[in-house]
Amino acid sequence: YLSIAEDRDHNVWIATYRDGVYQYDGRQLKHYPIMDGSKVVNLFTVYVDREGTIWLGTHSHGVYRFNGTDFERFEPR
């Protein structure tokens, strides 16, 4: 694991390099693979901001944001 963060609901988010991110709620572990088409996205970090948004930093695919269901690539306006 490369990075771990806790959200407002006390879920633990665990970022891995090549295997996406995991959410642990104290009972179950849920896996979120992070892909760009068929290509695996290499993660660097997971971060929870002051508003409670969960972010993933990558090595070469920008930043991903959790939308409540899945992670989507963040495209600044």
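Owing to the predicted nature of the structure, the values given are computational and were not obtained by experimental measurement.

Working note: regular strand, side chains alternate between the two faces of the sheet. Bridge analysis of strand S3 (residues 21-24) against strand S4 (residues 29-32) gives four bridges, and the strand direction is antiparallel. Paired with Tyr24 across the strands is Leu29, a residue of S4. Hairpin connection of S3 to S4: four residues between the antiparallel strands, including Gly26 at a positive phi of 100 degrees.

Bringing unusual backbone geometry into the picture now. The phi angle at His10 is positive, at roughly 70 degrees, despite the residue not being glycine. For His10, the location among the structural elements is in the loop between strand S1 (3-6) and strand S2 (12-15).

For the rest of this paragraph, the subject is the packing of aromatic side chains. In total, this model carries seven aromatic pairs according to the counting rule given. With 5.5 Å between their ring centres and 80 degrees between their planes, Tyr32 and Phe66 make a pair best called edge-to-face. One end of the pair, Tyr32, is in strand S4; the other, Phe66, is in strand S9 (residues 63-66), with 34 residues separating them in the sequence. Relative accessible area serves as the criterion here: at 6%, Tyr32 is assigned to the buried category. Three or more aromatic residues joined by ring pairs form one cluster here, namely Trp13, Tyr32, Phe66 and Phe71.

What counts, and where the lines are drawn
- Residues numbered from 1 in each chain as written.
- Predicted model: local features only at pLDDT ≥ 70, side-chain atom pairs only at ≥ 80, totals over all residues.
- Heavy atoms only, no water.
- Pairing = 2+ DSSP bridges.
- Helix = DSSP H or I, 4+ residues; strand = E, 2+ residues; numbered from the N terminus.
- Phe/Tyr/Trp six-rings, centres within 6.5 Å; stacked < 30°, edge-to-face > 60°.
- Buried < 20%, exposed > 50% of the residue type's maximum accessible area, 1.4 Å probe, protein only.

Note that all results are geometric; they support no functional claim without further evidence.
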